[in-house]
Amino acid sequence: MDFKRFILKITLRKILNYFAARLSFTFSKLFLSPFVFGNPYSLTLEPNNFCNLKCTECPTGMNSLTRNKGNMDFELAKNAVDELKKDLIYLLLYFQGEPFMASRFFEIIRYANKNGIYTATSTNGHFLTPENCENIINSGLDRLIISIDGTTQESYSKYRKGGSLDIVLQGLETLYNVKKRLKKPNPFIIIQFLVFKHNEHEILEIKNIAKKYNCKLELKTAQIYNLSEAENLLPTQGKYSRYRKTSNGEYKIKKQSKSCLRLWSHLVISWDGKIVPCCFDKNASNCFGTLSNKNLLQIWKSTQFNNFRQDLLVKKHEIEMCDNCNL
């Protein structure tokens, strides 16, 4: 994270709200009952939920989303920002889908940036044209995650079905050059490399690519939806896998916490305004309300939301969407 840009967007109220939210979580764990003192300091907005790729372990790519597809209306995004902006520290413009295919995407970034919120998004890198790179920088986007899961087309396309490594690398070079030409520090660029069995031998090369373009590299463990396929997908280096093989040959998450801070710190809003617990609720199965007919803070402190928090505190292991989460 670009610390200087981040710190310039922090206010005393945001700091106090941050600690109020964390204190709420601590009290809730201690008494096994939901306390909500603060407002969300982090927000995810879903610009859209469709994509140009068919990635094999992604609900969008596998076409397994049961939700309707669409773009987030700018006014809906604006209303969410307006309601939370005094307390909001971080805005992630990504849930499902490829955000650079969304309409009015840069307008949302500009509006959040104008209101002093640190903005980030994640992309598969196929839309980093010269025009889009200038828009990225001029919109004020603070952080950009670019997924590059291979250093050869053969390994890259095993997961990123329909993708072109050459296009992604050309886009990364374009963004790097446009930043230099405009003499702008933003966005802070992160290359995200999902480590699989078929690409783990390319880790050194992806490190060299990140160094060449002055990017941070994140080696990320992959989430596997069909664990019967885990043997073929998981890397041989255990540190790059979020799963362990049990004595009976099944794969399980290595480590899970008994509770989760996200329900006291973070809100997720789908493109059509549904408020859901977190990014693991891909199909918005646990919808607490819709932004179009309720305000966010009413939903945040609603009985329905608190009932879910209560379940999380006492029986997280029974919540289906938490089964495959390593937090």
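Residues numbered from 1 in each chain as written. Predicted model: local features only at pLDDT ≥ 70, side-chain atom pairs only at ≥ 80, totals over all residues. Heavy atoms only, no water.

Draft legend 1. Inspection of the pairing of strand β1 (residues 42–45) at higher detail. Burial along β1 is two-sided: S42 and T44 and L43 and L45, pointing in opposite directions, are all buried. As defined by bridge partners, β1 adjoins strand β2 (residues 90–92) across three bridges and the pair is classed as parallel. Directly across from S42, in β2, lies its bridge partner Y90. Once you follow β1 into helix α3 (residues 74–84) and on to β2, the crossover reads as right-handed. (Buried < 20%, exposed > 50% of the residue type's maximum accessible area, 1.4 Å probe, protein only. Helix = DSSP H or I, 4+ residues; strand = E, 2+ residues; numbered from the N terminus. Pairing = 2+ DSSP bridges. Right-handed = clockwise from strand over helix to strand, strands pointing away.)

Draft legend 2. Fine view of the packing of aromatic side chains. This structure, assessed with the given rule, holds 19 aromatic pairs. Ring centres of F288 and F305 lie 4.3 Å apart, and the angle between their planes is 35°; on these two criteria the pair is classed as tilted. In this pair, F288 sits in the loop between β10 (274–276) and β11 (289–290) while F305 sits in helix α12 (residues 303–315), placing the two residues 17 residues apart along the sequence. Overall, F288 belongs to the buried group, its relative accessible area being 4%. A relative accessible area of 0% means that F305 is categorised as buried. Judged by centre distance (5.6 Å) and plane angle (65°), the rings of F288 and F308 are edge-to-face. Of this pair, F288 sits in the loop between β10 and β11 while F308 sits in helix α12, and the two are 20 residues apart along the sequence. (Phe/Tyr/Trp six-rings, centres within 6.5 Å; stacked < 30°, edge-to-face > 60°.)

Draft legend 3. Structural view of the nonpolar core. In terms of nonpolar packing, the biggest core is built from 84 residues, with L43, L45, L172 and I269 touching the most fellow members. Leave out the neighbours within four places in its chain, and L172 touches L128, I146, I148, I189, I191, I209, Y213 and C215. Formed by eight residues, the second largest nonpolar core is a distinct cluster that contains A21, Y90, Y118 and A120. (Core = buried A, V, L, I, M, F, W, Y, C linked by side-chain atoms within 4.5 Å. Contact = heavy atoms within 4.5 Å.)

Draft legend 4. Broad picture of the packing of helix α5 (residues 130–139) against helix α7 (residues 165–182). Relative orientation of the contacting elements α5 and α7 amounts to 50°, with a least axis distance of 9 Å. Considering their axes alone, α5 and α7 lie oblique with respect to each other. For the pair α5 and α7, the sense of crossing is right-handed. Along the contact surface, α5 presents P130, C133, E134, I137 and N138, while α7 presents G171, T174, L175, V178, K179, R181 and L182. Split into classes, the residues belonging to the contact of α5 with α7 amount to six nonpolar, three polar and three charged. (Axes fitted to C-alpha atoms, helices over the stretch in contact; angles between N-to-C directions. Parallel < 35°, antiparallel > 145°, perpendicular 65-115°, else oblique. Left-handed = near helix turned anticlockwise from the far one by under 90°. Nonpolar A, V, L, I, M, F, W, Y, C, P; charged D, E, K, R; others polar.)

Draft legend 5. Region of the structure containing the sheet that holds β1. The nine strands are arranged β6-β5-β4-β3-β2-β1-β9-β10-β11 in an open sheet whose pairing can be described as mixed. Across the chains shown, the open sheet's two edge strands, defined by having one partner strand only, are β6 (216–221) and β11. Sitting on the sheet, helix α4 (residues 105–114) is in contact with β1, β2 and β3 (118–123), with an inclination near 155° to β3.

Draft legend 6. Examining the environment of T290 more closely. By the element assignment, T290 lies in strand β11. Non-local contacts of T290, meaning those with residues more than four positions away in its chain, are made with D272, G273, K274, I275 and I299.

Draft legend 7. Representation of the packing of α4 against α5 in the model. Direction vectors running N to C along α4 and α5 enclose 20°, while the axes themselves pass 9 Å from each other. The orientation of α4 with respect to α5, classified from their angle, is roughly parallel. You can see that α4 and α5 cross each other, and the crossing is right-handed. Contacts between α4 and α5 pair F106, I109, R110 and N113 from the former with N132, N135, I136 and S139 from the latter. Here the residues of the contact of α4 with α5 are counted per class, giving three nonpolar, four polar and one charged.

Draft legend 8. Quick look at unusual backbone geometry. Cis geometry marks the peptide bond from N186 to P187, where omega comes out at -5°. Mapped onto the elements, P187 comes out in the loop between α7 and β5 (188–195). Even without glycine at this site, K183 takes up a positive phi of about 55°. Mapped onto the secondary structure, K183 falls in the loop between α7 and β5. K183 gets classed as exposed once you look at its relative accessible area, which sits at 74%.

Draft legend 9. Inspection of the side chain of D149 at higher detail. With respect to the element layout, D149 can be found in the loop between β4 (143–147) and α6 (153–159). On the basis of relative accessibility, which here comes to 0%, the residue D149 falls in the buried class. Engagement of the side chain of D149 in a polar contact is seen with the side chain of R160, the distance being 2.6 Å. Looking at D149, its side chain comes within polar contact range of the main-chain nitrogen of L194, at 2.8 Å. For D149, the contacting residues outside a window of four places in its chain are S155, Y156, Y159, R160, Q192, F193, L194 and N199. (Polar contact = N/O pair within 3.5 Å; in protein donor to acceptor, adjacent residues only side chain to side chain.)

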